[in-house]
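Fold and geometry: a report
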Amino acid sequence: MKKKQQQQQHPGSGADPWPHGAPLGGAPPGLGSWKRRVSLLPLLRFSLRDYGFCMATLLVFCLGSLFYQLGGGPPRFLLDLRQYLGNSTYLDDHGPPPSKALPFPSQVVYNRVGKCGSRTVVLLLRILSEKHGFNLVTSDIHNKTRLTKNEQMELIKNISTAEQPYLFTRHVHFLNFSRFGGDQPVYINIIRDPVNRFLSNYFFRRFGDWRGEQNHMIRTPSMRQEERYLDINECILENYPECSNPRLFYIIPYFCGQHPRCREPGEWALERAKLNVNENFLLVGILEELEDVLLLLERFLPHYFKGVLSIYKDPETLDVTYNHKRWKEEDRTARDLGTQRMTQW
């Protein structure tokens, strides 16, 4: 009997003191655990529709997270939603989204050698830059290949700040970017048989090129008429200054660099040029094998030169490449006949 009374006095011991429900005034303070249990009951009541809604919400969240990771950032619709709801602090907390991956290499320099087909290559590059969307950086300076230290620093700074991926081209001797704290780009170039290059330059100085009939007058205004029309065979046989020093060493400084000794014909300049070619040049082509060179450029640098060979062979671009296709005939004629016909480079 006493035990029954004790159980009634201490409801928390396990017996339910309110078998017919709690009184209207609420449960006594001592019945806190019972009250918490009763208050949770309404939260556990939900229909099948509510359950389906929760699962659909979870599925959308998972898909959004998946898109976020695969795309390198949030999906577009989440960004639009974020903008619609208000300004977000995501960029403040995490920084800007990752930039588009750049092709490798994203910095290419074509320090083209004079009279070695560079006109045709540059014209092809103009077409390719529009087609592939890379930044073609050219220069209007054509007759300054040797630079002072300050000029080197300024040029390297201007090149390095260009939008990538870029391809810079100019008649200039090799530049060592790393010497001035810049990222060393990948170099490409095209050379030519030295005798052919001398012949081409001989006629170019006298008659210019296809860009204008009076172009040669601008380049060599003080040249006398008898000198302008001097037969190349006579020039060589009579030992004229222009033909007695054909400057066959002209090509080496383009690979040796800006060091003063690079301009002195000798073994030191040659060995340094060979070292730079091995360490910094992806390709040094030969003009006499231009189609093979273009094919290699297309394989090595597809982001820049993809489709270049088909463009070069396309009849619609014949006016672009016509001058290169004539140079073999011009050089051969100059060798055999010593005429005053002009070559195109």
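Residues numbered from 1 in each chain as written. Predicted model: local features only at pLDDT ≥ 70, side-chain atom pairs only at ≥ 80, totals over all residues. Heavy atoms only, no water.

1. Observations regarding the overall build of the protein chain
Looking only at helices and strands, the protein chain features 18 helices and 5 strands. For the protein chain, with 345 residues in total, the buried portion stands at 35%. Across the protein chain, contacts joining residues at least 24 apart in sequence account for 66% of those joining residues at least 6 apart. Taken as a whole, the protein chain presents about 22,200 Å² of accessible surface, with 56% of it coming from carbon and sulfur. (Helix = DSSP H or I, 4+ residues; strand = E, 2+ residues; numbered from the N terminus. Buried < 20%, exposed > 50% of the residue type's maximum accessible area, 1.4 Å probe, protein only. Contact = heavy atoms within 4.5 Å. Areas by Shrake-Rupley, 256 points an atom, 1.4 Å probe, with all protein chains shown as cover.)

2. Topic: the state of the cysteines
On inspection of all chains with the given rule, the structure shows 2 disulfides. When the cysteines engaged in disulfides are numbered in sequence order, the protein chain pairs them as 1-2, 3-4. (Disulfide = S-S within 2.5 Å.)

3. Here's the deal with helix α14 (residues 267-280)
In a regular helix each residue adds 1.5 Å, so 14 residues correspond to 20 Å; α14 covers 20 Å between its end C-alpha atoms and thus fits that length. Inspection of α14 places Ala-269, Ala-273, Asn-276 and Asn-280 among the buried residues, and these make up the whole buried set. Angularly, the buried residues of α14 cover 65° about the axis, an arc narrow enough to put them on a single face. Opposite the packed face of α14, turned more than 90 degrees from it, sit the exposed residues Glu-267, Asn-278 and Glu-279. (Expected span 1.5 Å × (residues − 1). Arc of directions from axis to C-beta.)

4. Here's the deal with the side chain of Gln-107
For Gln-107, the position within the fold is in strand β1 (residues 107-110). On the accessibility criterion, Gln-107 (13% relative accessible area) is buried. Separated by 3.2 Å, the side chains of Gln-107 and Tyr-166 make a polar contact. (Polar contact = N/O pair within 3.5 Å; in protein donor to acceptor, adjacent residues only side chain to side chain.)

5. A short note on the packing of aromatic side chains
Taken as a whole and judged by the stated rule, the model has 9 aromatic pairs. Aromatic side chains Phe-198 and Tyr-202 sit 6.3 Å apart centroid to centroid with 50° between the ring planes, which places their arrangement in the tilted category. Note that Phe-198 and Tyr-202 are positioned in helix α8 (residues 194-207) at a spacing of 4 residues, about one turn of the helix. Phe-198 gets classed as buried once you look at its relative accessible area, which sits at 10%. Relative accessible area serves as the criterion here: at 0%, Tyr-202 is assigned to the buried category. Through pairs of rings, three or more aromatic residues link up here, namely Phe-174, Tyr-187, Phe-255 and Phe-281. Here Lys-115 stacks its cationic end above the ring of Phe-204, 3.6 Å away from the centre of that ring. (Phe/Tyr/Trp six-rings, centres within 6.5 Å; stacked < 30°, edge-to-face > 60°. Lys NZ or Arg CZ within 6 Å of the ring centre and 35° of its normal.)

6. A closer look at the sheet that holds β1
Strand order in the open sheet formed by 5 strands is β2-β3-β1-β4-β5, with parallel pairing between adjacent strands. At either margin of the open sheet sits one strand with a lone partner, and together these are β2 (135-137) and β5 (281-286). Across this sheet, the average inter-strand angle for adjacent strands is 15°, counted without regard to direction. Sheet topology note: the β1/strand β4 (residues 186-191) ladder contains 3 bridges and is parallel. Considered in β4, the bridge of Tyr-110 is made with Ile-188. (Pairing = 2+ DSSP bridges. Axes fitted to C-alpha atoms, helices over the stretch in contact; angles between N-to-C directions.)

7. So, the confidence of the model for the protein chain
Per-chain confidence: the protein chain averages 77 in pLDDT, with 64% of residues scoring 70 or above. Residue range residues 327-345 is modelled with pLDDT below 50. Its contacts to residues more than four positions away, or to other chains, number 58 contacts. (pLDDT = per-residue confidence, 0-100.)

8. Section: the pattern of salt bridges
Working definition: two side chains of opposite charge can pair if their charged atoms are close together. Per the counting criterion, the structure on display carries 6 salt bridges. Between Glu-226 and Arg-224 there is a salt bridge, with the nearest N and O atoms lying 3.0 Å from each other. Across the pair Glu-271 and Lys-274 runs a salt bridge whose closest N-O atoms are separated by 3.3 Å. In this pair, Glu-271 and Lys-274 both sit in helix α14, 3 residues apart, roughly one turn of the helix. By relative accessible area, Glu-271 is classed as partly exposed at 39%. Classification of Lys-274 by relative accessible area gives partly exposed; the value is 43%. (Salt bridge = Lys/Arg side-chain N within 4 Å of Asp/Glu carboxyl O.)

9. Quick look at the side chain of Asn-280
Tracing the backbone shows Asn-280 in helix α14. A relative accessible area of 16% places Asn-280 in the buried class. For Asn-280, the residues in contact, after removing those within four places along its chain, are Phe-174, Gln-184, Pro-185, Val-186 and Tyr-187.

10. Digging into empty space enclosed by the protein
Applying the stated rule across the entire model yields 2 cavities of 30 Å³ or more. For the largest cavity, the full set of lining residues is Tyr-110, Val-121, Ile-188, Asn-189, Ile-190, Leu-283 and Leu-297. Top element by residues in the lining of the largest cavity is β4. It accounts for 3 residues. Classifying every residue of the lining of the largest cavity gives 6 nonpolar, 1 polar and no charged. (1 Å grid on protein atoms, 1.4 Å probe; cavity = no way out; pocket = protein on both sides within 12 Å on 5 of 7 lines; lining within 4 Å. Points joined across faces, edges and corners; volume = space filled by probe spheres on them. Nonpolar A, V, L, I, M, F, W, Y, C, P; charged D, E, K, R; others polar.)

11. Quick word on unusual backbone geometry
With an omega of -5°, the peptide bond running from Gln-164 to Pro-165 counts as cis. Mapped onto the secondary structure, Pro-165 falls in the loop between α7 (149-160) and β3 (166-169). In this structure, Lys-115 is a non-glycine residue whose phi angle is positive, near 60°. Counting through the fold element by element, Lys-115 comes out in the loop between β1 and α6 (118-132). Given a relative accessible area of 13%, Lys-115 falls into the buried group. Here Asn-239, not a glycine, exhibits a phi torsion of approximately 60°, which is positive. Mapped onto the secondary structure, Asn-239 falls in the loop between α11 (232-237) and α12 (241-244).

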